[in-house]
Amino acid sequence: MADITTDALSSADLRMGSLEVRLAETAAEVKAAQALRYRVFYEEMRARPTAEMAAIQRDFDLYDEVCDHLLVIDHALGQGAASVVGTYRLIRRHAAARTGSFYSSDEYDISRIESYPGEVLELGRSCVDVAYRSRQAMQLLWRGIAAYAFQYDIQLMFGCASLPGTEPSKLALPLSYLYYHHLAPPALRPMALPHRYVDMRMLDQQAVDARRALAELPPLIKGYLRLGGFIGDGAVIDHQFNTTDVAIVVKSDLITEKYMRHYERRSTQALL
């Protein structure tokens, strides 16, 4: 596993009190991330596990073998599996090549992203333990992603983000808002696969209350939008995870520049 502490982000930037963000270093830590995902996705959010997942109480698939697992660790809980309280799955182009595809390609045509000239990074399987859903844990995850993106010169990040439930009609307001206000430019736009495509334009544009729509969006999607993220065309129902998915595209320069400025301020203060 690679180290995400770079010259651009000191180790102090990757810690807050007893919490630290870093990549998984051992198979046991990967299993701890999978166990956290199981608790959040299957026990809390009522996703449908396979028999094997249920037997071992872990969420897993073939992408776990090729990706990097970003972890938030609470050192106050010791060094065991219980100390892993947040995670993100990071898949670069070379890792996707080992499996033959990115995870998102099961739901979306991402050929425009795959042909993008710079390095791309697929983000997925994001979750935080219920006791740690404060600003600190998510801030650390984004700092870790920023450090990772800087280290590997990531130009574009993408993935699937979820809204709860499998009845798009009940999500008409947020889905319509995302389509009308945050649709990705054609050159970067993922398109839901024809057999899974759900039209997001469920309301007329004039009927969309932007403030109310934002209030109904999950925090993770709002976080992507704050970074200048775009949305693909078409929602996809994921019955296994009990969600309605949208495709997300984020140019990484916004997040890396933000944390580069933060580091530069810290360096200047240290010199003074």
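Residues numbered from 1 in each chain as written. Predicted model: local features only at pLDDT ≥ 70, side-chain atom pairs only at ≥ 80, totals over all residues. Heavy atoms only, no water.

Enquirer: I keep staring at helix α6 (residues 172–182) and nothing clicks. Help me out?
Expert: Residues spaced three or four apart along an α-helix point in a common direction, a consequence of the helix completing one turn every 3.6 residues. Of all 11 residues making up α6, 9 are buried, and the element is well covered by its neighbours. Taken residue by residue, α6 has Ala172, Leu173, Pro174, Leu175, Ser176, Tyr177, Leu178, Tyr179 and His182 as its buried positions. (Buried < 20%, exposed > 50% of the residue type's maximum accessible area, 1.4 Å probe, protein only. Helix = DSSP H or I, 4+ residues; strand = E, 2+ residues; numbered from the N terminus.)

Enquirer: How should the pairing of strand β2 (residues 19–23) be read in this particular structure?
Expert: Looking along a regular strand, one sees side chains alternate from face to face of the sheet. Counting buried positions along β2 gives 5 out of 5 residues, so the element sits mostly inside the fold. Of the two faces of β2, both are covered, the one formed by Leu19, Val21 and Leu23 as well as the one formed by Glu20 and Arg22. Taken together, the 2 bridges between strand β1 (residues 15–16) and β2 define a ladder with antiparallel strand orientation. Bridged to arginine 15 within β2 is glutamate 20. Pairing between β2 and strand β3 (residues 68–74): 5 bridges, direction antiparallel. (Pairing = 2+ DSSP bridges.)

Enquirer: Any chance you could explain the nonpolar core here in plain terms?
Expert: Where a protein is soluble and globular, its nonpolar side chains tend to be buried together. Tyr88, Leu90, Leu123, Ile145, Leu178 and Val246 are the most contacted members of the largest nonpolar core, which totals 47 residues. With 8 residues, helix α5 (residues 135–151) is the single largest residue contributor to this core. Aside from chain neighbours lying at most four places away, what touches isoleucine 145 is Leu70, Tyr88, Leu90, Leu123, Met157 and Ile255. With 18 residues, the next largest nonpolar core counts Cys67, Ala95, Phe102 and Phe158 among its residues. (Core = buried A, V, L, I, M, F, W, Y, C linked by side-chain atoms within 4.5 Å. Contact = heavy atoms within 4.5 Å.)

Enquirer: Just to check I follow, could you spell out the packing of aromatic side chains for this structure?
Expert: Centre distance and the angle of the planes are the two values used to describe a pair of aromatic rings. All chains considered together, the criterion is met by 9 aromatic pairs. A ring pair is formed by tyrosine 88 and tryptophan 142, whose centres lie 6.2 Å apart and whose planes are at 65 degrees; its orientation type is edge-to-face. In this pair, tyrosine 88 sits in strand β4 (residues 84–92) while tryptophan 142 sits in helix α5, placing the two residues 54 residues apart along the sequence. Pair check on accessibility: tyrosine 88 and tryptophan 142 agree, each one buried. Here tryptophan 142 and tyrosine 224 contribute two aromatic rings whose centre-to-centre distance is 5.6 Å and whose plane-to-plane angle is 85 degrees, an arrangement assigned as edge-to-face. Here tryptophan 142 is found in helix α5, whereas its partner tyrosine 224 is found in helix α8 (residues 219–226), with 82 residues between them in sequence. Relative accessible area serves as the criterion here: at 5%, tyrosine 224 is assigned to the buried category. (Phe/Tyr/Trp six-rings, centres within 6.5 Å; stacked < 30°, edge-to-face > 60°.)

Geometry only, nothing functional implied.
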